[in-house]
Amino acid sequence: FQFFSCTDLGSGGSYLSSDLEIRCWSTEHMAWGLLVALPGIALWVIGLPLLAFLYIIKRRESLDTSKLKVRFGFLYSGFTKRYFFWEIFILLRKLTVSCIVVFLPLGVERPVQALACLTVLAGSYYLQEKYEPYATEALNSLETRGILVSMVTIYCG
């Protein structure tokens, strides 16, 4: 996502935050974005998690088999059987907050960006408290506190 994070230098235009020699949305920037960044995001950020999620959903009746646990257990083993898919919600929360941080600054004030992040986190907090998807109370408590810490961090700047 850093490839799309630009810094406005006033009348000088907008430049890539990680390399101020590259002007954002120039021909070079667009070419790299279309050839490298977008396919990378599509593959690694969206494609791979989606394929793993679909694989697990398809085999949800055999989640306890050792073969599936070895391959994909890290995605569902901490959750109750009813909420074996919950990791996808956590991934979506992280993806949404990352997108807000990277893409929303384009013409938007910081308080709006913070409010958008807080809205996502508040929704996550509500869902976490309502469903308590983890198999143990300690994990549910840890996730709830983690979301609260994220909210306080964003609120305090």
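Quick summary incoming for the structure in this document. On a predicted model such as this, the values are computed, not experimentally measured, just so you know. (Residues numbered from 1 in each chain as written. Predicted model: local features only at pLDDT ≥ 70, side-chain atom pairs only at ≥ 80, totals over all residues. Heavy atoms only, no water.)

To continue, consider the nonpolar core. By size, the foremost hydrophobic cluster in this structure holds eight residues: Ala52, Ile56, Leu63, Leu68, Phe72, Leu75, Tyr76 and Phe84. When residues of this core are traced back to their parent elements, those giving at least two are helix H1 (27–58) and helix H2 (66–76). Per-element accounting of this core gives the leading share, four residues, to H2. When near neighbours in sequence (up to four residues on either side) are disregarded, Tyr76 contacts Ile56, Leu63, Leu68, Lys69 and Phe84. Judged by nonpolar contacts, the second largest core, of five residues, contains Phe79, Tyr83, Trp86 and Ile90. (Core = buried A, V, L, I, M, F, W, Y, C linked by side-chain atoms within 4.5 Å. Buried < 20%, exposed > 50% of the residue type's maximum accessible area, 1.4 Å probe, protein only. Helix = DSSP H or I, 4+ residues; strand = E, 2+ residues; numbered from the N terminus. Contact = heavy atoms within 4.5 Å.)

On to the packing of helix H4 (residues 110–131) against helix H5 (residues 137–156). Between H4 and H5, the shortest axis-to-axis distance is 10 Å and the interhelical angle comes to 165°. In this view, H4 runs roughly antiparallel relative to H5, as classed from their interaxial angle. In terms of crossing hand, the pair formed by H4 and H5 is left-handed. Within the contact between the two elements, H4 uses Ala114, Cys117, Leu118, Leu121, Ala122, Ser124, Tyr125, Gln128 and Glu129 and H5 uses Asn140, Glu143, Thr144, Ile147, Leu148, Ser150, Met151, Ile154 and Tyr155. (Axes fitted to C-alpha atoms, helices over the stretch in contact; angles between N-to-C directions. Parallel < 35°, antiparallel > 145°, perpendicular 65-115°, else oblique. Left-handed = near helix turned anticlockwise from the far one by under 90°.)

So, about the packing of helix H3 (residues 86–103) against H4. As a packed pair, H3 and H4 sit with axes 9 Å apart at the nearest point and diverge in direction by 170°. By the angle class used here, H3 and H4 are roughly antiparallel. Where H3 approaches H4, its residues Trp86, Arg93, Thr96, Val97, Ile100 and Val101 are matched on the opposing element by Gln113, Ala116, Cys117, Val120, Leu121, Ser124, Leu127, Gln128 and Tyr131. Residue composition of the contact of H3 with H4, by class: 10 nonpolar, four polar and one charged. (Nonpolar A, V, L, I, M, F, W, Y, C, P; charged D, E, K, R; others polar.)

Here we take up the packing of aromatic side chains. Taken as a whole and judged by the stated rule, the model has 13 aromatic pairs. Relative to Phe103, the ring of Phe4 lies with its centre 5.6 Å away and its plane at 45°, an arrangement referred to as tilted. Highlighted residues: Phe4 in the segment before strand E1 (6–8) and Phe103 in helix H3, separated in sequence by 99 residues. Exposure remark for Phe103: the relative accessible area of 33% places this residue in the partly exposed category. Ring plane angle 40° and centroid distance 4.8 Å describe the contact between Tyr55 and Phe72, whose orientation is recorded as tilted. Note that Tyr55 is positioned in helix H1 and Phe72 in helix H2, a separation of 17 residues in sequence. The exposure class of Tyr55 is partly exposed, given its relative accessible area of 24%. The exposure class assigned to Phe72 is buried, which follows from its relative accessible area of 17%. Joined through ring pairs, the aromatic side chains of Tyr83, Phe84, Phe85, Trp86, Phe89 and Tyr131 make up one cluster. (Phe/Tyr/Trp six-rings, centres within 6.5 Å; stacked < 30°, edge-to-face > 60°.)

Summarising the element assignment, Asn140 is placed in helix H5. Classification of Asn140 by relative accessible area gives buried; the value is 4%. Side chain to side chain, Asn140 and Gln128 meet in a polar contact 3.0 Å long. When neighbours within four sequence positions are excluded, Asn140 is seen to be in contact with Gln128, Glu132, Pro133 and Tyr134. (Polar contact = N/O pair within 3.5 Å; in protein donor to acceptor, adjacent residues only side chain to side chain.)

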